[in-house]
Amino acid sequence: MKQATYSSRTADKFVVRLPDGMRERIADVARNHHRSMNSEIIARLEQSMLQEGSLGDEVNLRMDSPELSLHERELLMRFRQLSRRQQNALVALIAHDAEMAADEQ
């Protein structure tokens, strides 16, 4: 049986209340990464869950997501080829760089 592809119509929806100012900060970061706010939030949640090892195989289902650009798919494919230790090290490095950039602002 063919698996349905991801679409905004079939995706699970969840309403979240954001603290004052967070929506604007997410919009700025998403714009800088050339993504929608939704894609930015999903990417950050996946990164966080990957870092703590709690995401498992669920990420594999998102490879055909229309939200991913060609470059993001290539990066994701290469990321999955790394060992778990290498993945964790890379995610920690990216998180550290993001924190350093945020501190500079």
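All of the points below concern the structure found in this document.

Each value, and the rule that gives it
- Residues numbered from 1 in each chain as written.
- Predicted model: local features only at pLDDT ≥ 70, side-chain atom pairs only at ≥ 80, totals over all residues.
- Heavy atoms only, no water.
- Patch = residues over 30% accessible without salt bridge, like charges linked within 9 Å, V, L, I, M, F, W, Y side chains within 5 Å.
- Areas by Shrake-Rupley, 256 points an atom, 1.4 Å probe, with all protein chains shown as cover.
- Salt bridge = Lys/Arg side-chain N within 4 Å of Asp/Glu carboxyl O.
- Helix = DSSP H or I, 4+ residues; strand = E, 2+ residues; numbered from the N terminus.
- Buried < 20%, exposed > 50% of the residue type's maximum accessible area, 1.4 Å probe, protein only.
- Expected span 1.5 Å × (residues − 1).
- Arc of directions from axis to C-beta.

The next subject is a nonpolar patch on the surface. A cluster of nonpolar side chains, Phe 14, Val 16 and Leu 18, forms an exposed patch at the surface whose accessible area comes to about 330 Å². Summarising the element assignment, Leu 18 is placed in the segment before α1 (22-32). Of the residues examined, Leu 18 reaches a relative accessible area of 33% and is grouped as partly exposed.

Our next topic: helix α4 (residues 84-104). An α-helix turns once every 3.6 residues. As a result, residues three or four positions apart point the same way. The first and last C-alpha atoms of α4 sit 30 Å apart over 21 residues, in line with the 30 Å expected at 1.5 Å per residue. Of all the positions in α4, only Gln 87, Val 91 and Ala 95 are classed as buried. Seen along its axis, α4 keeps its buried residues to an arc of 65°; they face one direction. Those residues of α4 that are exposed and angled more than 90 degrees off the buried face are Arg 85, Asp 103 and Glu 104.

Let us now look at the pattern of salt bridges. Two side chains with opposite charge may pair up if their charged atoms get near one another. If you walk through the whole model with that rule in mind, you get five salt bridges. Linking Arg 35 and Glu 40 is a salt bridge whose minimum nitrogen-to-oxygen distance equals 3.0 Å. A relative accessible area of 27% places Arg 35 in the partly exposed class. Arg 35 is paired through a salt bridge with Glu 72; the nearest N and O atoms lie 3.4 Å apart. Of the two residues, Arg 35 is situated in the loop between α1 and α2 (37-51) and Glu 72 in helix α3 (residues 70-81); the sequence distance between them amounts to 37 residues.

One non-glycine residue, His 34, adopts positive backbone phi at about 55°. In this structure, His 34 sits in the loop between α1 and α2. Its relative accessible area of 75% is what places His 34 among the exposed residues.

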